[in-house]
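Descriptive structure summary
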Amino acid sequence: MYIQRDMREREMEMEMGTGISEVGVEELVEAGLDVDEAKVMEKGLKEAIGRTGGGGDPRELWREITARRLLRPSHPHPVHQLIYYSVYADYDATAHGPPLYWFPSLYQAKCTNLGRLMETHGSKLLGALYKDPITSFSLFQSFSAEHPEVYWSLVLKELSIQFREAPKCILDTSDKSKHGGTWLPGSVLNIAECCLMSTNYPRKEDNSLAIVWRDENCDDSQVNQMTLKELREQVMLVADALDTIFSKGDAIAIDMPMTVNAVIIYLAIVLAGFVVVSIADSFVAKEIATRLRVSRAKAIFTQVI
């Protein structure tokens, strides 16, 4: 009979440098697998180690392990932890950043917002050096840091940001007393307005899908949908009502669950030129009162559960 060790004890051992090559049947059984599963897992781990050259980059070994689907959702969580921490036992997170856990496929990478941006503009910006969103990610990141004017001009267009007053530039670094410079100096915009307006590029039409949700405790009900036009109309109703009562710049609080109504109210407060005071709906009355007092909120949206 195998007794599972305390999780913290195992983590301490991993921190002390238990490498993946030291993980065998006994350790896998102790983490929660039965003997037959442990033997299959051990064989798969050895093959993955062999294919990646053993003592090479642990990120490549973890990529191989995940690509071969050695770990499954049905495996106990301690097994996932054991293999993950063992693979990265000697990894220098200070030098290389956090150890990676998930690797998207090339198709998944191309479907992301950044992936689409890179596919559209990568070859123009990087020339023949551009391959794909995964291979060229670091190169593209370096380009974005070295050429903020070019990169952020593209991003602002992709996000359909519409300025009421255009910025003088993307980044002003002339004032050395301001660490990091000043972004979009002189610009004026209403971000809620940017969210609600249709645009030709990227194509965002009135019948485009804006929100998809299912009401709480209605897991078997149909998924609800709201178009951009419907969302804008709902937001305008609330914004117009607020505008008749309050003055621009007034603080208005929201203390309610994250429902579609909360989204509409939040956008309406911003669109009408007021300040949103977000209060977690889990707060007790005393804490809610404190935030209302500190923010000097003139009104509060809430709902009775």
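Above this text you will find the structure in question.
Residues numbered from 1 in each chain as written. Predicted model: local features only at pLDDT ≥ 70, side-chain atom pairs only at ≥ 80, totals over all residues. Heavy atoms only, no water.

Details of the packing of aromatic side chains
Here a ring pair, both rings aromatic, is described through the centre-centre distance and the interplanar angle of the planes. If you walk through the whole model with that rule in mind, you get 11 aromatic pairs. Ring centres of Trp62 and Tyr84 lie 5.2 Å apart, and the angle between their planes is 75°; on these two criteria the pair is classed as edge-to-face. Here Trp62, found in helix H4 (residues 58-67), pairs with Tyr84, found in helix H5 (residues 77-87); they are 22 residues apart in sequence, far enough to count as distant. What makes Trp62 buried here is its relative accessible area of 1%. Ring centres 5.5 Å apart and planes at 70° place the aromatic pair Tyr84 and Tyr85 in the edge-to-face group. Grouped by ring-pair contacts, the aromatic residues Trp62, Tyr84, Tyr85, Tyr88, Tyr91 and Tyr101 constitute a single cluster. (Phe/Tyr/Trp six-rings, centres within 6.5 Å; stacked < 30°, edge-to-face > 60°. Helix = DSSP H or I, 4+ residues; strand = E, 2+ residues; numbered from the N terminus. Buried < 20%, exposed > 50% of the residue type's maximum accessible area, 1.4 Å probe, protein only.)

As for the environment of Trp102
Structurally, Trp102 can be placed in the loop between helix H6 (93-96) and helix H7 (106-111). Between the alpha carbons of Trp102 and Arg63 there is a distance of 7.9 Å; along the sequence they are 39 residues apart.

Thoughts on unusual backbone geometry
Residue Pro202 is reached from Tyr201 by a cis peptide bond, and omega for that bond is -10°. Notably, Ser160 is not glycine yet its phi reads approximately 55°, a positive angle. You can see Ser160 is positioned in the loop between helix H10 (148-158) and strand E1 (171-172). Exposure remark for Ser160: the relative accessible area of 7% places this residue in the buried category. Residues other than glycine seldom take positive phi values, yet Arg296 does so here, at roughly 60°. Its place among the elements puts Arg296 in the loop between helix H14 (285-295) and strand E7 (299-302). Exposure remark for Arg296: the relative accessible area of 69% places this residue in the exposed category.

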